[in-house]
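So you can see what is in the structure, the chains are spelled out below.
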Amino acid sequence: MSGIRRLLSTLAFSTLLVALAGPLTAGAQEAAAAPPTTATDAAAIEPAIPNSRCFNCHDDAEMKDEAGNSVAVHEAQFAVSAHKKLDCVGCHTAALGVKHKGKRQPLGPVSFDVCMECHEDEITPFQGSVHAKVKGGKPGTCEGCHGNVHTFVRSNNPAAAMAPLNQVRNCGVCHEDMMEGYLSSVHAKSLFVSGLTDAAPSCSDCHGSHDIQRHDAAGARTSHAKSPETCGDCHKGILKEWDESAHGALWREGKDGPVCSTCHEAHAIQDPTTAAMRTHMPSDCGNCHEELYKSFHDSFHGKASAVGHGSAAMCSDCHTPHHNLPASDPRSSTHPDNLAATCGASSCHEGKVNAAFLTFIPHSDPMDRDQNAWVHYIYLFMTLLLLGVFGFFGLHALLWLQRTLVGRLRGEFKVEHFGPGPYVRRFTTTQMWLHVSIILSFLLLSVTGLPLKFAAAPWAPGLMAALGGPEIAGFLHRFAAIVTFGYFAVHLAMLFRDVALKREKGYFWGWRSMTPNLKDVQDLWANLKYFLYLGPRPSSTAGRTGRSSTTSRSSGASA
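Treat the numbers as computed from the prediction; the structure is a model and nothing was measured.

Caption draft 1: Spotlight on the overall build of the protein. When helices and strands are tallied, the protein shows 26 helices and 2 strands. Out of the 559 residues in the protein, the part that is buried amounts to 22%. When contacts within the protein are restricted to residue pairs at least 6 apart in sequence, long-range pairs at least 24 apart make up 47% of them. Carbon and sulfur atoms make up 63% of the accessible area of the protein, which amounts to about 38,100 Å² in all.

In structure tokens:
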């Protein structure tokens, strides 16, 4: 009886075990029958060929394929790379069907299809980028920028090939000209010198990473349509100002107005506040505003800046660098209501601006009579006066010189520096010092004023620098002007003394008159006839001085 009970207990326990084991076995069979979702998942579960077997051969610096190309993959480098958790056969799927024993067979490059399983977001835009076809229509590869796939690290690693500091060097391998300009820019100085890797832009910050297009392509981040927004990612405040300006309005309307790279260049961006860049600014603006550039070039501001006056007003000083608007706009810095504040800025004419000052026309065209008739006619008069005076006396001096040389060769007169006869002192000591003051002040006015008058001449900046710079030259010019007004005042005082107090005669119409009269015209005509060999030499005694013939001959010969 006990045996039967023991048998029944054993059967019951076995039945219970079978019942419990049945579902587990079915689940295991299902799991075994279900295929892995991806090749990577299968490799992660149980790789067909473990990495250790690959490294047994490929962890050899001397290993090469039949073409002589290195196929070495060092295990230590791969272990710290971005792909360290992947199995070799997960990417090199062809290795599963190629026998490595005996004659070595090429496996070929890994296709994008394999990389797409992990990097679809990067490869899809890359295939439509300018870098996808760089040589003979053959698509580029990831390794061209990122380096060896077995060794490169993640992009957020400072040692990555496309990290901010390193990508500049890598891009420069192909884009040498662009990189040469970039390395001299303020962006490069901020990146390499200041170390602002999170703020200073490198190549991908402006051009994108995998979807790079040609700069003239509509979708390019650096195109005319998109470059303001690209630059505005960093320069948000400037973008807001510029967007409200006249230039920004043209951009919003889709017109060919200036954008960031038009004024600041594309790669060689410099600090616009430096003296060198300020000097270039008018010509840069003049590429579009040709007429305004010409009038600025001819103005005092333009001439002063051309000879190195660092504080002379440039375009941006009056119109602002980015918020430039027409003068009719109440928000404009050159609007009549805002002009006093603009001109009276601390760097310009602080404390000197009044109503008369604001009538100054910065872009004056003296040939435009409708702009200002007074300026127009005074400009014409002074120009004709300058040409007339220098032309007349220059021609007179040349005629006199050639006639003197011919007379010497012919023996028409003999030089007598110390001949017999009386000598008369014509000038008093005061008059001699006045003449010295006239000569020196005139020469000083000329040498300090000519560089400013002819600022566009190649010699003007050098002469201005030799004078000590525009500031010192300006001081010397004003000093010479004060001397000029001074000797003129002394001369008037001497005339008043002689004519009004001493009652002397002959200052206006007499023999020592300073005003032209008929005798002066006759003497001039006689001299011109003599210079041109049309008449005799004027008599040395024929004059209003009353000098003796001997004295006249001596002084005339000396002349």
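Don't stop here, the text continues.
Caption draft 2: Structural context of the pattern of salt bridges. In this structure the tally under the stated criterion is 12 salt bridges. Note that arginine 252 and aspartate 243 form a salt bridge whose closest N and O atoms lie 3.5 Å from each other. The exposure class of aspartate 243 is partly exposed, given its relative accessible area of 27%. As a salt-bridge pair, aspartate 523 and lysine 519 come within 3.4 Å of each other at their nearest N and O atoms. With aspartate 523 and lysine 519 both in helix 25 (residues 518–531), this residue pair falls 4 residues apart, about one helical turn. Judged by relative accessible area, which is 26%, aspartate 523 ranks as partly exposed.

Caption draft 3: Looking closely at the environment of cysteine 145. Within the secondary structure layout, cysteine 145 lies in helix 7 (residues 143–146). Put simply, cysteine 145 and alanine 161 are 16 residues apart on the chain and 7.1 Å apart in space, counted from C-alpha to C-alpha. Setting aside anything within four residues of it in sequence, one finds cysteine 145 in contact with Ala161, Met162 and Asn170.

Caption draft 4: Summary view of helix 21 (residues 373–410). The terminal C-alpha atoms of helix 21 lie 55 Å apart, and with 38 residues this matches the ideal 56 Å at 1.5 Å per residue to within 8%. On its buried side, helix 21 packs onto helix 25. Measuring from the side-chain oxygen of the N-cap residue of helix 21 to the backbone nitrogen of tryptophan 374 gives 3.1 Å; that N-cap residue is asparagine 372. Following helix 21 by one or two positions, glycine 411 has its phi on the positive side, about 75°.

Caption draft 5: Just a nonpolar patch on the surface, in detail. Taken together, the side chains of Trp374, Ile378, Phe381, Met382, Leu385, Leu386, Val389, Phe390, Phe392, Phe393 and Leu524 present a nonpolar region at the surface, about 1,200 Å² in accessible area. Counting residues per element, the nonpolar patch draws most heavily on helix 21, at 10 residues. Along the chain, valine 389 falls in helix 21. Judged by its relative accessible area of 37%, valine 389 is partly exposed.

Caption draft 6: Examining the confidence of the model for the protein more closely. Of all residues in the protein, 84% attain a pLDDT of 70 or more, and the chain-wide mean is 82. Counted against residues more than four places away or in other chains, residues 542–559, with its pLDDT under 50, gives 25 contacts.

Caption draft 7: Structural detail: the nonpolar core. Core analysis: the biggest nonpolar cluster contains 8 residues, these being Val168, Cys171, Met179, Tyr182, Ala188, Leu191, Ala200 and Cys203. Among the elements of the structure, helix 8 (164–172), helix 9 (176–183) and helix 10 (186–193) are those that each provide at least two residues to this core. Not counting residues up to four positions away in its chain, the partners in contact with leucine 191 are Pro164, Leu165, Val168, Tyr182, Leu196, Thr197, Ala200 and Ser202. Residues Ala455, Ala460, Leu467 and Ala473 belong to the second largest nonpolar core, which totals 6 residues.

Caption draft 8: Fine view of the packing of aromatic side chains. In this structure the tally under the stated criterion is 6 aromatic pairs. Centroid distance tyrosine 530 to phenylalanine 531: 6.1 Å. Interplanar angle 50°. Geometry classified as tilted. Residue tyrosine 530 is classed as buried on the basis of its relative accessible area of 8%. Of the aromatic side chains, those joined through ring pairs into one cluster are Trp400, Tyr530 and Phe531.

Caption draft 9: View of a negative patch on the surface. Together, Asp59, Asp60, Glu62 and Glu75 make up a negatively charged patch on the protein surface. Relative to the elements of secondary structure, aspartate 60 occurs in the loop between helix 3 (51–58) and helix 4 (75–78). Note on aspartate 60: relative accessible area 35%, which makes it partly exposed.

Caption draft 10: Up close: the environment of aspartate 284. Examined against the element boundaries, aspartate 284 turns out to sit in helix 16 (residues 275–286). We classify aspartate 284 as partly exposed; its relative accessible area is 34%. Separated by 22 residues in the primary sequence, aspartate 284 and threonine 262 place their C-alpha atoms 8.6 Å from one another.

Caption draft 11: The arrangement of the environment of histidine 491 in detail. Mapping histidine 491 onto the fold places it in helix 24 (residues 470–501). Along the primary structure histidine 491 and leucine 434 are separated by 57 residues, whereas in three dimensions their C-alpha atoms are 8.3 Å apart.

Caption draft 12: Spotlight on the packing of helix 22 (residues 429–453) against helix 24. At their nearest, the axes of helix 22 and helix 24 sit 9 Å apart, and the two run at 150° to each other. With respect to helix 24, the element helix 22 is oriented roughly antiparallel. Crossing hand, helix 22 versus helix 24: left-handed. On helix 24, the residues touching Thr430, Gln431, Leu434, Ser437, Ile438, Ser441, Leu444, Leu445, Thr448 and Gly449 of helix 22 are Ala473, Leu476, His477, Phe479, Ala480, Ala481, Val483, Thr484, Tyr487, Val490 and Met494. Here the contact of helix 22 with helix 24 is composed, by residue class, of 13 nonpolar, 8 polar and no charged.

Parameters and conventions
Note on numbering: residues in each chain are counted from 1, in written sequence order. With the structure being a predicted model, the display of local features is reserved for residues of pLDDT at least 70 and the display and counting of side-chain atom pairs for 80 or more, all residues being used for whole-chain, interface and lining totals. Side-chain metrics in this entry use all non-hydrogen atoms of the structure; hydrogen atoms and water are not considered. Where helices and strands are cited, they refer to DSSP runs of H or I of at least four residues and of E of at least two residues respectively, numbered from the N terminus. Each residue gets one of three labels from its accessible area relative to the maximum for its type: buried under 20%, exposed over 50%, partly exposed in between, using a 1.4 Å probe on protein chains only. The contact rule is simple, with two residues in contact once any of their heavy atoms fall within 4.5 Å. All accessibility values rest on the Shrake-Rupley procedure with a 1.4 Å probe; residue burial counts only the protein chains present in the view. For salt bridges, the criterion is a side-chain nitrogen of Lys or Arg within 4 Å of an Asp or Glu carboxyl oxygen. For a helix, the expected span equals 1.5 Å multiplied by the number of residues minus one. Pairing of N or O atoms within 3.5 Å defines a polar contact, subject to two protein rules: one partner must be a possible hydrogen donor and the other a possible acceptor, and residues neighboring in sequence count only if both atoms are side-chain atoms. A patch is a set of surface residues, each over 30% in relative accessible area and not in a salt bridge, joined within 9 Å for like charges and within 5 Å for the nonpolar side chains Val, Leu, Ile, Met, Phe, Trp and Tyr. pLDDT: the predictor's confidence for each residue, scored from 0 to 100. Put simply, a nonpolar core is a bunch of buried Ala, Val, Leu, Ile, Met, Phe, Trp, Tyr and Cys residues held in one set by side-chain atoms that sit within 4.5 Å of each other. Pairing of aromatic rings covers Phe, Tyr and the six-membered ring of Trp, with a centre-to-centre limit of 6.5 Å; geometry is then stacked below 30 degrees between planes, edge-to-face above 60, and tilted otherwise. We count Lys and Arg on the positive side and Asp and Glu on the negative side, and we leave His and both chain ends out. Think of each charge as sitting on NZ of Lys, CZ of Arg, CG of Asp or CD of Glu. Here, axes are lines fitted to C-alpha atoms. For helices the fit covers the stretch in contact, and angles between N-to-C directions go from 0 to 180 degrees. If an angle is under 35 degrees, it is roughly parallel; if it is over 145, roughly antiparallel; if it lies from 65 to 115, roughly perpendicular; otherwise it is oblique. In a left-handed crossing the near helix is turned counterclockwise from the far helix by less than a right angle, and in a right-handed crossing that turn is clockwise. Ten residues, namely Ala, Val, Leu, Ile, Met, Phe, Trp, Tyr, Cys and Pro, are considered nonpolar, four, namely Asp, Glu, Lys and Arg, are considered charged, and the remaining ones, Gly among them, are considered polar.

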